[in-house]
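# Observations on the model geometry
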Amino acid sequence: MTTQKSRPQLVADYQALERIFHKPENEQSRNVLTKYMEQILFGLHDFLGRHVGITEEIPLKELAEQFTASTIARTPIKKLADVIAEIIEEIAPQAVNISSPYFIGHMTSAIPFFMVHLSTIVAALNQNPVKLETSKVVSVYERQVLAKVHRLLFNFDDTFYDTHIQKPESTLGSFVEDGTLANLSALWVARNRLLPATSGYAGAERDGVAKALNDRGLRKLTILVSELGHYSIRKSAGVLGLGYDAVTPIPVDSANRVDLTVLERMLKDHHRDPETSVMAVIGIAGTTETGTVDPLPKIAGLCREFGVHFHVDAAWGGPVLLSENYCGLLKGIELADSVTIDGHKQFYLPMTNGMVFFKDPQAMDAVAYHAAYINRPGSVDLGIRSLAGSRSATSLVLGSALDIMGSGGYALLIDHGIEIAQAFAEEIKRRPMFELITAPELNILTYRLVPEALRESKDSKQTVNDQERLRLLNKINIKVQRMQREAGNSFVSRTTLRRSGQPDTVVLRAVLMNLRTNQEILNAILDEQEAIYLNRIAPTLKLI
Ligand SMILES: *Cc1c(COP(=O)(O)O)cnc(C)c1O
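Quantities reported herein were computed from a predicted structural model and do not represent experimental measurements. (Residues numbered from 1 in each chain as written. Predicted model: local features only at pLDDT ≥ 70, side-chain atom pairs only at ≥ 80, totals over all residues. Heavy atoms only, no water.)

## Regarding the site of the ligand
Around the ligand sit 15 residues in total, of which Asp178, Thr180, Asp313, Asp342 and Lys345 are the nearest. Backbone polar atom of Gly179 to an oxygen atom of the ligand: 2.9 Å apart, as the coordinates give it. Relative to its free-state accessible area of 380 Å², the ligand is covered by the protein chains to the extent of 88%. By residue number, the principal contributor to the shell around the ligand is helix H8 (residues 179–194), which donates three residues. (Near = heavy atom within 4 Å. Polar contact = N/O pair within 3.5 Å; in protein donor to acceptor, adjacent residues only side chain to side chain. Areas by Shrake-Rupley, 256 points an atom, 1.4 Å probe, with all protein chains shown as cover. Helix = DSSP H or I, 4+ residues; strand = E, 2+ residues; numbered from the N terminus.)

Given below as structure tokens:
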């Protein structure tokens, strides 16, 4: 970015610092600060309205060359006004306009306007829920927000919530940074409950996994999840000392749901082998790549039968429970021992907000830590049972958003996503140049572009063999996705579906969560992909 000349009046002295920490001394400086807030709200917002897709195109390599300074300036070089202007005018145009209705490739999208206000409050209050002494009412407020989402998931009765919402010894869930850490938290609890401290042993948390396993005559632990499981599960197994090979991917069926026959067989095998133990089975409520929901009630039944911790990764799909029309898709989630939800996905919160919930209010005792100077047993210090220590009070954002939107408002967003995804799938099926690969169950679908010459023909006059055909299709779809992204009008993501028994398939992936994305926009995105293929790729392939 432009390097500002250091101006002589910018000095770091006590008077200047005093001004920064105290409230504005007069009307004029108040007005200046208010103007800055306006600039942030409207300057950024106008910018987001003007640009679509991935914005101005400067190659990343060129951008990187502008950010190579590694020393901290001794004297101040910019004023707040300069910093704000620079971010709006120079950083933002090179950032990604995730708010665009043409941006349908990732789980990050437009958020309601008021989220900026709520985030400002969180920053201004600067509470730290790690302990009561730095958060007070925010800690009990947070417990209420957690209870609301817990009830959405598990739907216990009034007596249950009256008992546990504010009981210091109970923990219904915990805020963490993101879905990754929510999964880690759930598996951390599962590990410690499987290898607890007993009269004979200190348990995994204190002794480490190797000793805890050895004490019990076990050789290894396993985590079972479908092959479409999120990679945060492998990360968690690594961090928890199991090693990521402990995660056993289970094949999916033709609808991309975990194959129950294989799952049951594996549970039986492990049950028979006295040296291994299954630490958790994970059902996915909305896989990252295809948005499909595993058969949760059946998985729950197997977990009960074999006495295994049942975790549901609902990082993506959890908020679907707010929709009366579609909550049935998540049936069985109430049978989970623990659930992951990401607030920054379908609760439309700003980055970052993850949550983990436990059916049993005592489950998180398995990961309780006490430090003499900070949190005392029996206190409301939320840092006692939490992966995070200090963290921001994002419960204020979620709690307020629930008040502002109501479950009805969220339901409209969820319904729109699911229904526009269905309409998009129909349009894809209607167009000869496309093939729907995974139909949407929630609001995610995958498809690919298939030129006429590469379509599977009923008669046997196929000009290329299957392997060659797949290779070409993968290549074409990689190009289509890249060229569309680089053109900057719209964005669809790309992934390679790796499912056992099927060849690795490059697909275009659409995530429909922006209320402003409509059929017309989706048609334009497909038109653009067709044009990219016909005008820029086909001539180089000599296929048509
Ligand atoms: C997004 C996602 C995660 C990880 O969430 P982060 O917030 O990116 O850490 C985990 N599981 C599923 C199914 C997800 O979709």
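After that view, the rundown keeps rolling.
## Regarding the layout of surface pockets
Its boundaries defined by the atoms lining it, the second largest pocket holds a volume of some 890 Å³. Breaking the lining of the second largest pocket down by element, the ones donating at least two residues are helix H1 (14–21), helix H2 (27–50) and helix H4 (80–91). No other element matches the five residues that H1 contributes to the lining of the second largest pocket. Per-class residue counts for the lining of the second largest pocket are 13 nonpolar, four polar and six charged. (1 Å grid on protein atoms, 1.4 Å probe; cavity = no way out; pocket = protein on both sides within 12 Å on 5 of 7 lines; lining within 4 Å. Points joined across faces, edges and corners; volume = space filled by probe spheres on them. Nonpolar A, V, L, I, M, F, W, Y, C, P; charged D, E, K, R; others polar.)

## Notes on empty space enclosed by the protein
Counted by the stated rule, this structure contains one cavity of 30 Å³ or more. Considered as a void within the structure, the largest cavity measures approximately 180 Å³ in volume. Lining the largest cavity we find 18 residues, and of these Arg143, Ser170, Thr171, Gly173 and Leu382 sit closest to its centre. Listing elements by their share of the lining of the largest cavity, those giving two or more residues are helix H6 (137–154) and strand S1 (173–176). When its residues are assigned to classes, the lining of the largest cavity shows eight nonpolar, five polar and five charged.

## Topic: the pairing of strand S9 (residues 444–449)
By the criterion of burial, S9 is predominantly enclosed, with six of the six residues buried. The alternating pattern of S9 places Ile444, Thr446 and Arg448 and Leu445, Tyr447 and Leu449 on opposite faces, both of which are buried. Of the strand pairs in this sheet, strand S8 (residues 434–438) and S9 are connected by four bridges, and their pairing is antiparallel. Each bridged residue has a counterpart across the sheet, and for Leu436 the counterpart in S9 is Tyr447. What sits between the antiparallel neighbours S8 and S9 is a turn of five residues. (Buried < 20%, exposed > 50% of the residue type's maximum accessible area, 1.4 Å probe, protein only. Pairing = 2+ DSSP bridges.)

## Thoughts on the domain arrangement of the protein chain
Accessible area lost during the coming together of the parts is what is often quoted as the interface size. On domain assignment, one finds that the protein chain holds domain 1 (4–97), domain 2 (176–388) and domain 3 (406–540). A C-alpha centroid distance of 42 Å is found between domain 1 and domain 2. (Domains from an automatic or database assignment.)

## Here's the deal with helix H16 (residues 519–541)
When the terminal C-alpha atoms of H16 are compared, their 31 Å separation across 23 residues agrees well with the 33 Å that a helix rising 1.5 Å per residue should span. Of all the residues in H16, the buried ones are Ile521, Leu522, Ile525, Leu526, Glu528, Gln529, Glu530, Ile532, Tyr533, Ile537, Ala538 and Leu541. Among the residues trailing H16, Lys542 stands out with phi positive, at a value near 55°. (Expected span 1.5 Å × (residues − 1).)

## Brief notes about the packing of helix H14 (residues 395–430) against H16
Any two packed helices are characterised by the angle at which their axes cross and by the distance between the axes. Between H14 and H16, whose axes approach to 10 Å, the crossing angle comes to 40°. As the angle between them shows, H14 and H16 are arranged oblique. Relative to H16, the crossing made by H14 is right-handed. Taking contact as the criterion, the partners of Ile420, Ala423, Phe424, Glu427 and Ile428 in H14 are, on H16, Gln519, Leu522, Asn523 and Leu526. The residue inventory of the contact of H14 with H16, partitioned by class, reads six nonpolar, two polar and one charged. (Axes fitted to C-alpha atoms, helices over the stretch in contact; angles between N-to-C directions. Parallel < 35°, antiparallel > 145°, perpendicular 65-115°, else oblique. Left-handed = near helix turned anticlockwise from the far one by under 90°. Contact = heavy atoms within 4.5 Å.)

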